[in-house]
Each structure stands twice: as C-alpha cells, then as structure tokens.
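Next come the chains, spelled out residue by residue.
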Amino acid sequence: MDCPPTVQTLEHIRRSDLKLKLQNFMSVPAQNITKRDTVKGPVITSNFPDPSILWVPSEDSWFAFATNSGGVNVQLATSPDFISWMVTTQDVLPTVGAWVDKTNPAVWAPMADGSFVLYYAATSEQDPTAHCVGVATSANVTGPYAPLADPFVCHLDQGGAIDAAGHHHPDGSLYVVYKIDGNNRGNGGSCNNGVPPIKSTPIMLQKVAADGYTKIGSESQILDRDDGDGPLIEAPSLIHVDNVWFLFFSSGCFAEESYDLSYAYASSVTGPYTKARSPVAPLLTSGKDGLKAPGSACAMVDGSKLVFHAWLGDDINGGRGMWTALPSISGTVITL
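Residues numbered from 1 in each chain as written. Predicted model: local features only at pLDDT ≥ 70, side-chain atom pairs only at ≥ 80, totals over all residues. Heavy atoms only, no water.

### Quick look at the layout of surface pockets
1) Next: Taken as a whole, the largest pocket spans an internal volume of roughly 210 Å³.
2) Next: What lines the largest pocket is a set of 14 residues, and nearest its centre among them are Pro 279, Val 280, Pro 282, Leu 283 and Lys 288. (1 Å grid on protein atoms, 1.4 Å probe; cavity = no way out; pocket = protein on both sides within 12 Å on 5 of 7 lines; lining within 4 Å. Points joined across faces, edges and corners; volume = space filled by probe spheres on them.)

### A closer look at the pattern of salt bridges
1) Next: A complete count under the given rule lists 8 salt bridges for this structure.
2) Next: Across the salt bridge formed by Lys 275 and Asp 226, the nearest N and O atoms sit 3.2 Å from each other. Of this pair, Lys 275 sits in strand S18 (residues 274–275) while Asp 226 sits in the loop between strand S14 (220–223) and strand S15 (233–241), placing them 49 residues apart in sequence.
3) Next: On the accessibility criterion, Asp 226 (25% relative accessible area) is partly exposed.
4) Next: Members of the salt-bridge network, linked through shared partners, are Asp 226, Asp 229, Lys 275 and Arg 277. (Salt bridge = Lys/Arg side-chain N within 4 Å of Asp/Glu carboxyl O. Helix = DSSP H or I, 4+ residues; strand = E, 2+ residues; numbered from the N terminus. Buried < 20%, exposed > 50% of the residue type's maximum accessible area, 1.4 Å probe, protein only.)

### Considerations on the environment of Gly 271
1) Next: Topologically, Gly 271 is positioned in the loop between strand S17 (260–266) and S18.
2) Next: In this structure Gly 271 comes out as buried when scored by relative accessible area, which is 16%.
3) Next: In sequence terms Gly 271 and Trp 245 are 26 residues apart; their C-alpha atoms lie 8.5 Å from each other.

### Quick look at the nonpolar core
1) Next: Of all hydrophobic cores here, the largest spans 24 residues; its most connected members are Phe 65, Leu 93, Leu 118, Tyr 120, Val 141 and Tyr 145.
2) Next: Listed by contribution, the elements that provide at least two residues to this core are strand S3 (52–56), strand S4 (61–66), strand S8 (117–123) and strand S9 (131–137).
3) Next: With 3 residues, S8 is the largest single contributor of residues to this core.
4) Next: Non-local contacts of Leu 93, meaning those with residues more than four positions away in its chain, are made with Asn 73, Val 74, Val 107, Leu 118, Tyr 120, Ala 136 and Tyr 145.
5) Next: The next biggest cluster of nonpolar side chains, apart from the first, holds 22 residues, and it includes Val 244, Ala 281, Leu 284 and Leu 306. (Core = buried A, V, L, I, M, F, W, Y, C linked by side-chain atoms within 4.5 Å. Contact = heavy atoms within 4.5 Å.)

Right, dumping it as structure tokens:
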C-alpha cells in the first residue's frame, strides 16, 4: 500500500518527449462530495492506490503515479489543472529489477522524482514474502523507466522496505524516506500487527547523491509507531516549509476504516520529529467529509498541494480512488 513528495524544477523536458497512450483513458472532473472546499474527489474513480504527484513545468502538466492495477506495474494519470485527471493505459515501469520475483512483482507505491528517478516497492525474489525498494530511471517523465539491477534497500529480516519518497533539502542535498515493513513480520490481527508483541514499523531517512540513489552515509530512523497509531505508520512524504520539516504519514490499517492521515514536524531534517496530536491531527479520518480509510498521501515540496487515496466503496474490495487537497500551513500546524 502506500506513497510520497515531488519536484518542481524540471524545465529541461521537451514537449516532444511526451508520448502518452490515451486511447482508453478515464477523464473525471473533480466532484466535491466533501464538506470543505480544500478536499475534492474522487478525482480518479478507478482503482489508483498510493498516488504520488509531479508537476513538470515544461509540459505544463501534472503527473500522478500509482500502485499496480489491471496488469500495469505502475499506473500513470495526467492533469492540466489538478482538477480533471486522465488515467492512461501506459505502464511506465514495464520491466522490474532483476531482484524482483517475476511471478508476482506486486509493485507498490511508486514515486517519480528528479529528472527522472522512480522509486517503487516490489516483491523480493530472495524472499517472496517481503518487498524491497527499487529504483528506475528515465529521460522522460512518462518513461519507460529502466530499473537498476539491485534494490535500493530491503531489510528482509525485519519484514522488508516499502513506501520510498524523495526529499529535496533547501541546501540542495537529496534524501529518501521509506518504511521498514515490520508489520509484515507481525503476529496477526489488524494489518498483521495487532497481536503482541507488536513489531516496530519505523520511518527511515537516507541521504543520497545527486543521482537520487547512491547512498551517502548511513540511514537513520526518524519516526516509529506508538500505541496511538495502531498497528503501523507508513507512507511517508517529507516537505520543508518556513524552516519546518513536515512528515506526512498514515496510521491504522489500510484495509480497515482506522486508516488515516497525520503528520509530524521537526526543526531539522533528521529530527527529532514530534507527532501532531488532537485537535490538529489526524488530518483525515473515516466518517468525515464522506471519506473511508483516507491516507497514503503525497505532498508537493512546498506543501501547496496533496493527493491521497480513499476507498471507493464500502470496503477496500471496491478499490481506492484518488482525492486532492490544498493544505494550509502556519507554524507547525497543518490544516486541510
């Protein structure tokens, strides 16, 4: 399940590079079935889980990427205005890394960043019970992305790694955040981690070089679940606004109505991070604004826009569509 932030300075892309397969697309104008104007949707009414977004100025277009569905490893949608979205038939990652279990790649939570790097999670051939994070690159935002032969990070002994997202530090350095999938090694119950002893599901931070994937130094833990989060935290998206770092994350269980969207904040990219609590968080929960199990958000680097998924039906079997939101940030408080 799951997904991440984005980049805005991509002027070098040529419009002629954009070759989308739009013969069979879905165009859905935003329907404001919510109670507040800052949250709209579903703007995509097909199954489009764990969405991430990227604005490409030279294409004058928004791009959204999502978890596998309908035989496509990584889904792609486009929008000229952040309101009406078209889901293409294109698979931007038709080939996965050599480390992936080809019988069931189960590609989750893709996030495109830079020019152009795609982070994704897929099933490990070494241990098909767990996912690793991989990286693929392309000269074009729409791909096809060519996968690196080796995974970026695995942590198979702890349950795997998922939900990678890039972050651009104001000093020009790059980071990747991701989740160690500890609940995958849990003892049952909610999201396989509701029965003691409860496993850790830490959010990790890794500094990388300008290519977006060569590691610099060691990873560090910046957040973890606690009893108030339920079985897990996941889907990190890290932004920086007015000298404050904000880490969006989801807690609860994605397959249950407990799933939500919250955030933590810090004065340094490495933390320590403080989780926002009631009444300012969670930002989105089931039962409000016509939403069920909202979460797995990805925010623009300046915090001005955000996408997330929520159930389209009464439960997860009805699929997860995409919603949009326009956050407001004041000090350490985010509102939607």
